[in-house]
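Single-letter residue listing:
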Amino acid sequence: MRFPVVLAVLLLPLAACGDSSLSVPKTLEAAHVDVARVKPELTRYGADSRLGAVWGLAQGPADTGMLAVGDAFCRIASTDATAECFPSPVAMESVHAIINDSGHVAGVVVSGQFGKPSAARLSPTGELVWRYDGDVRNMGSIAIADLADGPAVIVSGSDSIAILDFATGKIKSRRTKGRALLGANWIGGSTREYLLGTSDSTFNLIGPSGSTLAALTLPTGSWIEPVMTPVVAANERPYLVSSAGTTISVYDSLLAPVRTFQAPALVAPLHVVAAAFLTNDPKGPFAAVYNAANNWHRSVLCVFGSDGSVAYAEVLEDDHHVLRPRPDPTGLTFLLGGRGVVWQYRFPIGL
């Protein structure tokens, strides 16, 4: 059994909570636009107070609406109307949304601190399929991948890795070293590979047979959780994005470096939690969202032009965890998930 063709995969890792007593830097105290070489058209794509913090966004078939996942599962039409909303049965801290080849959300795997460090698989309407109350300590990242014996959810903890059957949630095996993250169709074909972190800065791309397909060591000072760009079309491959202070490093699906960006100085204490090329072209415009490891509840949105310079930077009130490009023949458009709201930013072509 293999996963259906994946059109989009979203992983939104929770930033480790830091010392909340640390003061918010003055540059981040108030929401404001810091750089505006180009001004976007900003509209509210959809909102529902039941959503809470938006952890995941997935496009439905034929633009029938966006599934926003937070405290609830809400299908939001582009008219800002909520078509339907289902409460989530678990309190989540990260989300994987799996889209099959017809464009429908096939299932959502989440992790959080509901009872114990836990993982759960939910239906597209928020119904619980299975729940794994972790017996691994300090649960971290999770990855959905094809292994030699079938699809699996790989749950990482500080002392071990639990490999769960995707269909049932039952433990298939364990490992004692490394941390698994960012399962995706990295190399093309019909299977999903995943990254295995062997230290805070070194990662191997692991195939279904368990072999290492590529390896990467991140630059010194990089945040320990790199992120993956969302895949919005069947023929796209994801990019891996890491941040170290103001420097963003981007790697292709075989972990080869393709580009770097320099963000404004105000992002220095933050790290990237979501990023995307706005045209899926590594030579094109790029957007990234920074969050804090401390409980500052501030994010910074940075948009870079094709020349790599900062075209737009905005300090956002509250935490933002997900950014997703939208097809637009006349503009560069993406959605940004906030708290109870999904915003749409639209920049001119030629940025």
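Note on numbering: residues in each chain are counted from 1, in written sequence order. Predicted model: local features are reported for residues with pLDDT of at least 70 only, side-chain atom pairs are reported and counted for 80 or more only, and whole-chain, interface and lining totals are derived from all residues. Side-chain figures throughout are based on the complete set of non-hydrogen atoms in the structure, without hydrogens or water.

## Quick word on the confidence of the model for the protein chain
Note: pLDDT gives the predictor's confidence per residue, expressed from 0 to 100. Per-residue pLDDT for the protein chain has a mean of 82; in total, 82% of the residues score no lower than 70. Whether two residues are in contact is decided by their heavy atoms: any pair within 4.5 Å suffices. Segment residues 1–21 is flagged for pLDDT under 50; beyond a separation of four residues in sequence, or across chains, it makes 79 contacts in the model.

## Quick look at the packing of aromatic side chains
Aromatic rings from Phe, Tyr and Trp, taking only the six-membered ring of Trp, are treated as a pair when their centres fall within 6.5 Å; an angle between ring planes under 30 degrees marks them as stacked, one over 60 as edge-to-face, and anything in between as tilted. Taken as a whole and judged by the stated rule, the model has 10 aromatic pairs. Relative to Tyr345, the ring of Phe334 lies with its centre 5.3 Å away and its plane at 5°, an arrangement referred to as stacked. Within this pair, whereas Phe334 is found in strand E28 (residues 332–337), its partner Tyr345 is found in strand E29 (residues 341–347), the two being separated by 11 residues in sequence. Note on accessibility: Phe334 and Tyr345 belong to one class, buried. Put simply, the rings of Tyr239, Phe261, Phe277, Phe286 and Phe304 touch in pairs and so form one group of aromatic residues. Counting from the N terminus, the helices are DSSP H or I runs at least four residues long and the strands are E runs at least two residues long. Summary of the burial criterion: residues with accessible area below 20% of their type's maximum are buried, those above 50% are exposed, and those between are partly exposed, where the area comes from a 1.4 Å probe applied to protein chains only.

## Examining the pattern of salt bridges
Whenever a carboxyl oxygen of Asp or Glu lies within 4 Å of a side-chain nitrogen of Lys or Arg, that contact is scored as a salt bridge. Summed over the entire model, instances satisfying the criterion amount to six salt bridges. The salt bridge partner of Arg346 is Glu41, with a shortest N-O separation of 3.5 Å. Of this pair, Arg346 sits in strand E29 while Glu41 sits in strand E2 (residues 41–47), and the two are 305 residues apart along the sequence. Its relative accessible area of 48% is what places Glu41 among the partly exposed residues.

## So, the pairing of strand E12 (residues 150–156)
With seven of its seven residues buried, E12 lies for the most part within the structure. Following DSSP output, two strands are said to pair if at least two bridges run between them. In the sheet, strand E11 (residues 142–147) pairs with E12 via six bridges, with the strands oriented antiparallel. Within E12, the residue paired with Ile142 across the bridge is Val155. The turn linking E11 back onto E12 is made up of two residues. Pairing of E12 with strand E13 (residues 161–165) involves five bridges; the strand directions are antiparallel. In the strand pairing of E13, Ile154 is matched with Ile163.

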